[in-house]
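Geometric and topological summary
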Amino acid sequence: MRDLSGVEVEVLTGHTKPEPLRPPTGDKAGELLATPDRSTKPARAEYDGKKLKPGGCVGWSKQQLGLKEADPAFVAQLAGDSLVQSMKDDKVIKVMAAWSACMDGKGHKGLADPYKAMDQGVTNDGQPSPESVALAVDDIDCKEQTDLVKVWFGVESAIQDQQIAGNRSRLTGIKEQHDKEMTAARKQMATSVQ
């Protein structure tokens, strides 16, 4: 999807376009996720002679459908936490070291984890270079040799199972709310098509 212009974001969301994500710097440079100030301001009152709705088109649509916000940030936080916790697990640390050594042996020096390989494989023009293709093939080979995906998946799945068990009622409520929203949206779409 193309990047939306500032005014498109305002009409759609009811607030200004947030600043783009910037990679962390200084002491936080090694962190996986950047958390810059992405504050926004309320959208302009009107655009092209039409008054903008509070919350933009998205907010208006939710209001029309009678939707309530479920708490998508909570689910995303659980996913992020499970990833971070899994990367601190001894089994994952050990298999990452084996993967890194394998990649080192294939000429890809200094890659501590697959995220570093992804960063290194990115090209400016979006077209894969022979080097990025070789890196990707070696990454797959090293993952197979070390069982990295199987080990990491097992560790993170166990963490997520614990998260689900510890947050069952809240997650059930979020799922029920999501199901209501999907039913309302399908109903609205069915009446719009007729």
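Above this text you will find the structure in question.
Predicted model, so just to flag it, every value in this text is computed and none were measured.

Rules used throughout
- Residues numbered from 1 in each chain as written.
- Predicted model: local features only at pLDDT ≥ 70, side-chain atom pairs only at ≥ 80, totals over all residues.
- Heavy atoms only, no water.
- Helix = DSSP H or I, 4+ residues; strand = E, 2+ residues; numbered from the N terminus.
- Buried < 20%, exposed > 50% of the residue type's maximum accessible area, 1.4 Å probe, protein only.
- Contact = heavy atoms within 4.5 Å.
- Areas by Shrake-Rupley, 256 points an atom, 1.4 Å probe, with all protein chains shown as cover.
- Axes fitted to C-alpha atoms, helices over the stretch in contact; angles between N-to-C directions.
- Parallel < 35°, antiparallel > 145°, perpendicular 65-115°, else oblique.
- Left-handed = near helix turned anticlockwise from the far one by under 90°.
- Salt bridge = Lys/Arg side-chain N within 4 Å of Asp/Glu carboxyl O.
- Expected span 1.5 Å × (residues − 1).
- Core = buried A, V, L, I, M, F, W, Y, C linked by side-chain atoms within 4.5 Å.

Turning our eyes to something else, we now look at the overall build of the chain. The secondary structure content of the chain amounts to 8 helices and 2 strands. Starting at the N terminus, the α and β elements of the chain follow one another as α-β-β-α-α-α-α-α-α-α. Relative to its 194 residues, the chain shows a buried fraction of 22%. Summarising the internal contacts of the chain: among those between residues at least 6 apart in sequence, 64% fall at separations of at least 24. Looking at the chain as shown, the accessible area adds up to about 13900 Å², and 57% of this sits on carbon and sulfur atoms.

Moving on, we come to the packing of helix α5 (residues 114-121) against helix α6 (residues 130-146). What describes two packed helices is the angle between their axes and the distance between those same axes. Viewed as axis vectors pointing N to C, α5 and α6 meet at an angle of 165 degrees, and their least axial separation amounts to 9 Å. Comparing the axis directions of α5 and α6 gives the class roughly antiparallel. Handedness of the α5/α6 crossing: left-handed. When α5 is examined against α6, the residues P114, A117, Q120 and G121 are found in contact with a partner set consisting of S132, L135 and K143.

This part covers the pattern of salt bridges. One side chain can pair with another of opposite charge once the charged atoms of both are near each other. According to the stated counting rule, one finds 6 salt bridges in the structure shown. D141 is the salt-bridge partner of K106, the closest N and O atoms lying 2.7 Å from each other. Highlighted residues: K106 in the loop between α4 (90-105) and α5 and D141 in helix α6, separated in sequence by 35 residues. Of the residues examined, D141 reaches a relative accessible area of 25% and is grouped as partly exposed. The partner of K143 in a salt bridge is D139, with the nearest N and O atoms 3.2 Å apart. A residue pair is termed a helical-turn pair when its members lie 3 or 4 positions apart in one helix, as K143 and D139 do in helix α6 at 4 residues. Judged by relative accessible area, which is 23%, K143 ranks as partly exposed. Residue D139 is classed as buried on the basis of its relative accessible area, which comes to 10%.

Across its 17 residues, α6 extends 24 Å between first and last C-alpha, which sits within 8% of the 24 Å expected from 1.5 Å per residue. Those residues of α6 hidden inside the fold are in contact with α4, α5 and α7 (148-166). Looking one or two places after α6, you find D147, whose phi comes out positive at around 60 degrees.

With that out of the way, let us pick up the nonpolar core. Counting 14 residues, the largest nonpolar core has W99, M103, L111 and L148 as its most contacted members. Of all the elements, α4 adds the most residues to this core, at 6 residues.

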